[in-house]
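# Breakdown of the fold
Each chain, letter by letter, is given below.
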Amino acid sequence: MKHKHVFAIDIVLIAGTLLVLAGLIGYSRPLVIAPLPGFVTADTSVLFEFEKAGLILIDDNPDFTSPDRIYAEDNLVINLKPGVYYWKVQGIAGTESEIRELTILSEVNLKLKQVSEGMYEVVNAGNVELDVEVYDDKEIVGNIVLGIDESKEVSGTKFIGSQKD
Amino acid sequence: MNNKTAFLAVFGILALLLAPNVLALGISPGRTTVDFTPGLERTVSFSIVNSENKDMNIVVAAQGELKDYITINDKSFSMSSEEGSRQVTYTIRLPKELSPGLHTAEIVVLQLPEEGKLSEAYIGAALAVVTQLHVNVPYPGKYAEASLNVIGPESDGKISFVMPVLSRGEFDLVNVRATIDIYTSLNKKVATLNTNEVSIPSRKRKEIVAVWDSSKAPPGPYRAVATLLYDEKSLTLEKDFEVGEKRLKIEKIEVNDFSLGDIAKFEMLVENTWSEAVRGVYSEMNIYNKDKKLMAEFKSPTYDIDPLSKTLMVSFWDTAGVKEGTYDSTVYLRYGGKSEKEDLKIEVRENEINVIGLGYAISERRAPRGENNGLVTILVIAIVILVMINLLWFLFLRRKIKSR
């Protein structure tokens, strides 16, 4: 044990190197800020906030078998359809952040504008395609399909909107 | 009544008269899906959205196949104009048994017509929105539902065939995979792909994927036929997709035997890179003078170009009065509502016309990586310092100390 102090320096140097490397890996790991884990909203525009990353991966399954890849240098608002999503960000050398879940709730929203006596403009103001049943008194007289933000003029006395299959 | 009260009353009546004749009602979520378990009891909540911020009278009712198993907890109520949304609940109490498959009910939220209002600005119609309840009852044994999605081609020609598979049976699917055959429009098989293999627990969803490199496949329509194999059963799915764009390419434009002042014969060699014939193609050539004003416009007859072949298209330009020089030009290839555009320069000389500018490079769009440069620099510097410290110690200082 003649060179005991040399071995001590060896150990300190190796341990120090490993610690610094671990710190560097932790420092370079991308950080996701928002949306928070398990975030649920009916708003289809979602702000993604993150640091130390340049690529957002969004998929409808946590295995990320077919993710949408969105290159972004900064925080970004992404429009998503209603559904459950999993997302993460990728930084340098492929380092990845934690995976977060995000739910966009479907919203059925029907707007009725009177055009003339008995005539209405029916507007889909929600975030899903709508099936609208049109009634005249108690009798069903028609059925219209409205895409998001689409409108049609129809006559009737009752309008029932539901999410299309 | 004093002046202030009279003013407020008139203002109120005017506001009602000028109010837009709009009714609006929202509900979220539009659908709740539940997996069946015998005797399941659950409270489901949803939000009613007062989108137009109006006073509303609301009635809630259940309808559809499962309506007898639903209890609405708040059947009628009013919402004031200040109430943007209201959370409402209903309770489902399912029976001990239901047949396999999908069972549904609808919770209808009805906004009653604004009858008896002071102004004429009211809507006599009733508006309702629906939140659906879907109850999935597992099929006996093993049962899979799947769809086939084609994603791509990417810039490198890779096409992903993604199959989301839902295990709808009572038992887990142990071994799920698929083979995908790719066919041309002439029904010739050009590739067979195998997906990854997964196991899917009952009532869960997973994806299987296969990737095809289409970079060497001729552009055109294709058909994917997927055979999903799960344990001892199979399921076949089909999807049409396209590789590349329906595109015509100008390879070369030549003018031979030309004398200034005569009629120039433009021979344009056009390649159809699509694997189907393109019909009714014609060229349109615009030539601009030094002031960027149109000085000539001429078209070719129409041509039908066979798949993956080249055709010579001819058009004529009367150069009477044209002076020697270089002119800007635009060539359009028009077909079936589409057009391909090329910007060229036409060099006109006494006895020749040269067409300059055919053939160009498309620059690859790279992902932005600028923000990470600083981070990379820090990491590289830190690692270099670590390596140097280690080298310095193990190769020099350590030996030196030991030798003392």
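Note that the structure is a prediction, hence the values are computed from the model and not measured.

What follows deals with the sheet that holds strand 5 (residues 68–71) of chain A. Residues and elements named next belong to chain A. Read across the open sheet, the five strands follow the order 2-8-7-4-5; overall the sheet is mixed. What marks the edges here is a single partner per strand, and that holds for strand 2 (39–41) and strand 5. Along the sheet, successive strands turn relative to each other by an average axial angle of 25°, direction set aside. In the sheet, strand 7 (residues 83–90) pairs with strand 8 (residues 100–104) via five bridges, with the strands oriented antiparallel. Across the sheet, Trp-87 pairs through a bridge with Arg-100, a residue of strand 8.

A few words now on the interface of chain B and chain A. With 52 residues of chain B at the interface, the matching set in chain A holds 49 residues. At the boundary of chain B with chain A, total buried surface from both sides reaches about 4200 Å², with 60% on carbon and sulfur atoms. For the pair chain B and chain A, the number of links is four salt bridges. Two residues, Asp-60 of chain A and Arg-205 of chain B, come together in a salt bridge whose shortest N-O distance is 3.0 Å. At the junction of chain B with chain A, the criterion picks out 21 residue pairs in polar contact (both at pLDDT 80 or more). Going through the elements one at a time, strand 1 (22–28), strand 9 (126–137), strand 16 (205–213) and helix 2 (373–403) of chain B are the ones with two or more residues in the side of chain B that touches chain A. With 14 residues, the top contributor of residues to the side of chain B that touches chain A is helix 2 of chain B. Here the residues of the side of chain B that touches chain A are counted per class, giving 32 nonpolar, eleven polar and nine charged. Pairing between strand 9 (residues 108–116) of chain A and strand 1 of chain B: six bridges, direction antiparallel. If you follow Leu-112 of chain A over to strand 1 of chain B, its bridge partner there is Leu-23 of chain B.

The next point concerns the side chain of Gln-111 of chain B. Residue and element names in this part refer to chain B. Along the chain, Gln-111 turns up in strand 8 (residues 101–111). For Gln-111, a relative accessible area of 2% translates into the label buried. Apart from the residues within four sequence positions on either side, Gln-111 is in contact with Leu-23, Ala-24, Leu-25, Met-56, Asn-57, Ile-58, Ala-126 and Leu-127.

Approximately 1800 Å³ is the volume attributed to the largest pocket. The set of elements that each furnish at least two residues to the lining of the largest pocket consists of strand 7 and strand 8 of chain A together with strand 2 (31–35), strand 9, strand 12 (158–167) and strand 16 of chain B. Top element by residues in the lining of the largest pocket is strand 2 of chain B. It accounts for five residues. Taken together, the residues that form the lining of the largest pocket break down as 16 nonpolar, twelve polar and 14 charged.

With that out of the way, let us pick up the confidence of the model for chain A. Looking at chain A as a whole, the pLDDT averages 89, with 99% of positions reaching at least 70. By mean pLDDT, helix 1 (residues 4–28) of chain A is the weakest element of chain A at 84, and strand 8 of chain A is the strongest at 95.

A few words on the nonpolar core. In terms of nonpolar packing, the biggest core is built from 44 residues, with Phe-159 of chain A together with Ile-48 of chain B touching the most fellow members. Per element, the largest residue contribution to this core is five residues, and it comes from strand 9 of chain B. Ignoring any residue separated from it by four or fewer positions in sequence, one finds Ile-48 of chain B in contact with Leu-25, Gly-26, Ile-58, Val-60, Phe-77, Met-79, Gly-84, Ser-85, Arg-86, Val-88 and Val-109 of chain B. With 29 residues, the next largest nonpolar core counts Val-270, Val-278, Ala-296 and Tyr-327 of chain B among its residues.

Looking now at the environment of Lys-52 of chain A. All names here are of chain A. Along the chain, Lys-52 turns up in the loop between strand 3 (45–51) and strand 4 (55–59). You can call Lys-52 partly exposed: its relative accessible area is 22%. Along the chain, Lys-52 and Ser-28 lie 24 residues apart, while their C-alpha atoms are 6.9 Å from each other.

This paragraph deals with the environment of Ser-283 of chain B. All names here are of chain B. For Ser-283, the location among the structural elements is in strand 21 (residues 278–288). Assessed through its relative accessible area of 1%, Ser-283 is described here as buried. Taking the C-alpha atoms as reference points, Ser-283 and Arg-334, separated by 51 residues in sequence, lie 6.2 Å from one another. Among all residues touching Ser-283, those that are not within four sequence positions of it are Met-268, Phe-298, Lys-299, Ser-300, Met-313, Ser-315, Tyr-332 and Leu-333.

About the criteria used
Residues numbered from 1 in each chain as written. Chains lettered and ligands numbered in written order. Predicted model: local features only at pLDDT ≥ 70, side-chain atom pairs only at ≥ 80, totals over all residues. Heavy atoms only, no water. Pairing = 2+ DSSP bridges. Helix = DSSP H or I, 4+ residues; strand = E, 2+ residues; numbered from the N terminus. Axes fitted to C-alpha atoms, helices over the stretch in contact; angles between N-to-C directions. Contact = heavy atoms within 4.5 Å. Buried area = accessible area lost by both parts, 1.4 Å probe. Salt bridge = Lys/Arg side-chain N within 4 Å of Asp/Glu carboxyl O. Polar contact = N/O pair within 3.5 Å; in protein donor to acceptor, adjacent residues only side chain to side chain. Nonpolar A, V, L, I, M, F, W, Y, C, P; charged D, E, K, R; others polar. Buried < 20%, exposed > 50% of the residue type's maximum accessible area, 1.4 Å probe, protein only. 1 Å grid on protein atoms, 1.4 Å probe; cavity = no way out; pocket = protein on both sides within 12 Å on 5 of 7 lines; lining within 4 Å. Points joined across faces, edges and corners; volume = space filled by probe spheres on them. pLDDT = per-residue confidence, 0-100. Core = buried A, V, L, I, M, F, W, Y, C linked by side-chain atoms within 4.5 Å.

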